[in-house]
Amino acid sequence: MWRREFVALLPASALSAQSRRLTADEALKDLLDGNERFAMGKTLNPRRSPADFSKLAPAQAPDAVIVGCADSRVPPEILFDQGVGDLFVIRVAGNVVSSAGPTVKGSIAYGVVALGAPLVMVLGHNQCGAVKAALETKEPALPESIKDLVRMVNTGGEKDLDRAVVANVRAGVERLKSLEPLAGYVEAKRIKVIGAVYDLASGKVTLVA
Ligand SMILES: [Zn+2]
């Protein structure tokens, strides 16, 4: 398998804090532990020193792919208290996966296939402007480019904003699980694809899929 060989070729020092790759469950625990620290105001701000990032210069081996919203209040590295090299992040308004096109899907696949991330998380958040716009009953006065994006948000027929946010995350997770090459990785239990929602006020992340 190409990725395994690729990682085996790396000097040990090129890998992040871990000398081996984490499992999906370990990666998830790491994220949730980090989020707990963040929500409590007890961040460690790990792996952010010059020694950390210069060590990573030859190669990366992130623990998770995060598909999150572009919202300025939802920065994955900060809210999961992670460092340089830990997360492979794709951010797009409304954390849209379905119909998102080759740039988003290709980036997610790259994080898994080429970089070996064991975990993929679709991360939505409450009060999401893109989901809110998708719930508007009358056509919003927005430029066509924004309307195109809003149409890709999958509210699952929900009317309530919080429920629509969750539905949109779940739709993204289901889409990724059925999308090649990720579907094969899921089936072989080589990765886990999960969904979570971040609460802007409490700083807490809750798993929803
Ligand atoms: Zn948002």
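Residues numbered from 1 in each chain as written. Predicted model: local features only at pLDDT ≥ 70, side-chain atom pairs only at ≥ 80, totals over all residues.

Focus: the confidence of the model for the protein chain
Confidence in the prediction of the protein chain, expressed as mean pLDDT, is 91, and 91% of residues score 70 or more. Here residues 1-18 is modelled with pLDDT under 50, and outside its nearest four sequence neighbours on either side it reaches 21 contacts, counting other chains as well. (pLDDT = per-residue confidence, 0-100. Contact = placed C-beta atoms within 7 Å.)

Section: helix α8 (residues 161-178)
Here α8 spans 26 Å end to end across 18 residues, near enough to the 26 Å set by a 1.5 Å rise per residue. For α8, the elements touching its buried residues are β1 (64-68), α5 (102-113), β3 (119-125), α6 (129-135), α9 (182-187) and β4 (192-198). (Helix = DSSP H or I, 4+ residues; strand = E, 2+ residues; numbered from the N terminus. Expected span 1.5 Å × (residues − 1).)

Quick notes on the sheet that holds strand β5 (residues 205-207)
The strand order across the open sheet built from five strands is β2-β1-β3-β4-β5, with neighbouring strands paired in mixed fashion. At either end of the open sheet lies a strand with only one pairing partner, and these are β2 (87-91) and β5. For this sheet, the mean angle separating the axes of adjacent strands, direction not counted, is 25°. In terms of strand pairing, β1 meets β2 through five bridges, oriented parallel. Its bridge partner being in β2, Ala-64 is matched across the sheet by Leu-87. Its contacts with the sheet put α8 on β1, β3 and β4, and the angle it makes with β4 is roughly 165°. (Pairing = 2+ DSSP bridges. Axes fitted to C-alpha atoms, helices over the stretch in contact; angles between N-to-C directions.)

As for unusual backbone geometry
Here the amide bond leading from Glu-180 into Pro-181 is cis, since omega sits at 5°, within 30 degrees of zero. Structurally, Pro-181 is set in the loop between α8 and α9. For Asp-81, which is not glycine, the phi dihedral falls at a positive 50°. Relative to the helices and strands, Asp-81 is located in the loop between α4 (76-79) and β2. The backbone of Gln-127 shows a phi angle near 60°, a positive value even though the residue is not glycine.

A word on the environment of Asp-160
Its location among the elements puts Asp-160 in the loop between α7 (144-152) and α8. What makes Asp-160 exposed here is the crowd of 11 C-beta atoms within 10 Å. In sequence terms Asp-160 and Leu-179 are 19 residues apart; their C-alpha atoms lie 28 Å from each other. (Buried ≥ 20, exposed ≤ 12 C-beta atoms within 10 Å, placed from the backbone.)

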